[in-house]
Amino acid sequence: MSFDLNSKRIQGRLKLIEYRKALQEKQKWDDEIPMGSGELNRDGNPKLPPGQHASKNWPVLDLGVHPELDEVTWNLTISGLVKHPKMFTWDQFMELPQVEDVSDFHCVTSWSQMDNHWKGVRFQDIAAHCEPLPNAKYVYIKAFDAYSTNLPLEEAMKEDVLLVHHWEGHPLTRDHGGPVRMITPQLYAWKGAKWIGEIEFREHDELGFWEKRGYSNTAEPWLNDRYS
Ligand SMILES: Nc1nc2c(c(=O)[nH]1)N[C@H]1C(S)=C(S)[C@@H](COP(=O)(O)O)O[C@H]1N2
Ligand SMILES: [Mo]
């Protein structure tokens, strides 16, 4: 029998294989996701993204170096394509508008820390202060433990992206990136640098620590977009 990839028979087989794979994927998700209430988050997405489960205690996950920083030694540098480059001291950072928000935190290793009460500064407000130039399209973020991560400016400018210093009414602990870390509730948590030290506005994208090592550059939890 001839093997014609375009034949109806082969096309039918391929569709069936695709369909089975899709079913298997779906089954995997159904097994992994506690069905819960089918609750949606404020963006209209399922509260728990596919393949995630809610953790009871917030795990600590990083490269193993926890820089010792306090309100005197911590500072935040804004560099690159901005009208007003700046290094914020703690006091200057605290003069920016302070906001509170509640959001979920999704780690690519499948745990999610739900309903976190944060206090901090919107990325938006830092950008407004420093005025990105029109050709700024990405941000490259550096942390005090030599970690790095990268984001399209458009993602960083979302309203729920914060540089936080309080969690559940307490100063953010050193383990979780205190005194100040970033959070990106609509992307996997590796996009949010603990012990954040520098935000560089750039025209071109550059992969950060995990993005260089096989994690997805786009990192969208609801697309199960984990690895590149
Ligand atoms: N500076 C720094 N930020 C980091 C990391 C890191 O190793 N160093 N790990 C990332 C990853 S993979 C995750 S899941 C979260 C974990 O944050 P947590 O330890 O507070 O749970 O921080 C992200 N930000
Ligand atoms: Mo992670």
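A brief look at the structure comes next. The structure presented is a predicted model; accordingly, all values stated were derived computationally and were not measured.

**Observations concerning the pattern of salt bridges**
Tallied over the full model, the rule gives twelve salt bridges. Here Asp62 and Lys194 are joined by a salt bridge, their closest N and O atoms 2.9 Å apart. Of this pair, Asp62 sits in the loop between strand S1 (53-54) and strand S2 (75-80) while Lys194 sits in the loop between strand S10 (181-183) and strand S11 (196-202), and the two are 132 residues apart along the sequence. Accessibility expressed as a relative area gives 9% for Lys194, which makes it buried. Ionic pairing is found between Glu159 and Arg122, a salt bridge with its closest N-O pair at 3.6 Å.

**Brief notes about a negative patch on the surface**
A contiguous patch of negative charge on the surface is contributed by Glu68, Asp70, Glu71, Asp91 and Glu95. Residue position: Glu68 is located in the loop between S1 and S2.

**Structural notes on the sheet that holds S2**
The strand order S3-S2-S11-S6-S7 describes an open sheet built from five strands, whose pairing is mixed. The open sheet is flanked by strand S3 (86-89) and strand S7 (148-152), the only strands paired with a single partner. For this sheet, the mean inter-axis angle between neighbouring strands, taken without regard to orientation, is 15 degrees. Note: strand S6 (residues 138-143) against S7, five bridges, orientation antiparallel. Each residue of the ladder has a partner; that of Tyr138, found in S7, is Pro152.

**Focus: the nonpolar core**
If you look at the biggest cluster of nonpolar residues, it comprises 49 residues, and the most contacted ones within it are Leu76, Phe93, Phe123, Leu163, Ile199 and Phe201. Here the element with the most residues in this core is helix H3 (residues 123-130); it accounts for four residues. Residues contacting Ile199, with those up to four places away along its chain left out, are Leu76, Thr77, Ile78, Ser79, Phe123, Val139, Tyr140, Ile141 and Leu163.

Rules of the game
- Residues numbered from 1 in each chain as written.
- Chains lettered and ligands numbered in written order.
- Predicted model: local features only at pLDDT ≥ 70, side-chain atom pairs only at ≥ 80, totals over all residues.
- Heavy atoms only, no water.
- Salt bridge = Lys/Arg side-chain N within 4 Å of Asp/Glu carboxyl O.
- Helix = DSSP H or I, 4+ residues; strand = E, 2+ residues; numbered from the N terminus.
- Buried < 20%, exposed > 50% of the residue type's maximum accessible area, 1.4 Å probe, protein only.
- Patch = residues over 30% accessible without salt bridge, like charges linked within 9 Å, V, L, I, M, F, W, Y side chains within 5 Å.
- Areas by Shrake-Rupley, 256 points an atom, 1.4 Å probe, with all protein chains shown as cover.
- Lys, Arg positive; Asp, Glu negative; His and termini not counted.
- Charge placed at Lys NZ, Arg CZ, Asp CG, Glu CD.
- Pairing = 2+ DSSP bridges.
- Axes fitted to C-alpha atoms, helices over the stretch in contact; angles between N-to-C directions.
- Core = buried A, V, L, I, M, F, W, Y, C linked by side-chain atoms within 4.5 Å.
- Contact = heavy atoms within 4.5 Å.

Nothing here speaks to function; it is all geometry.
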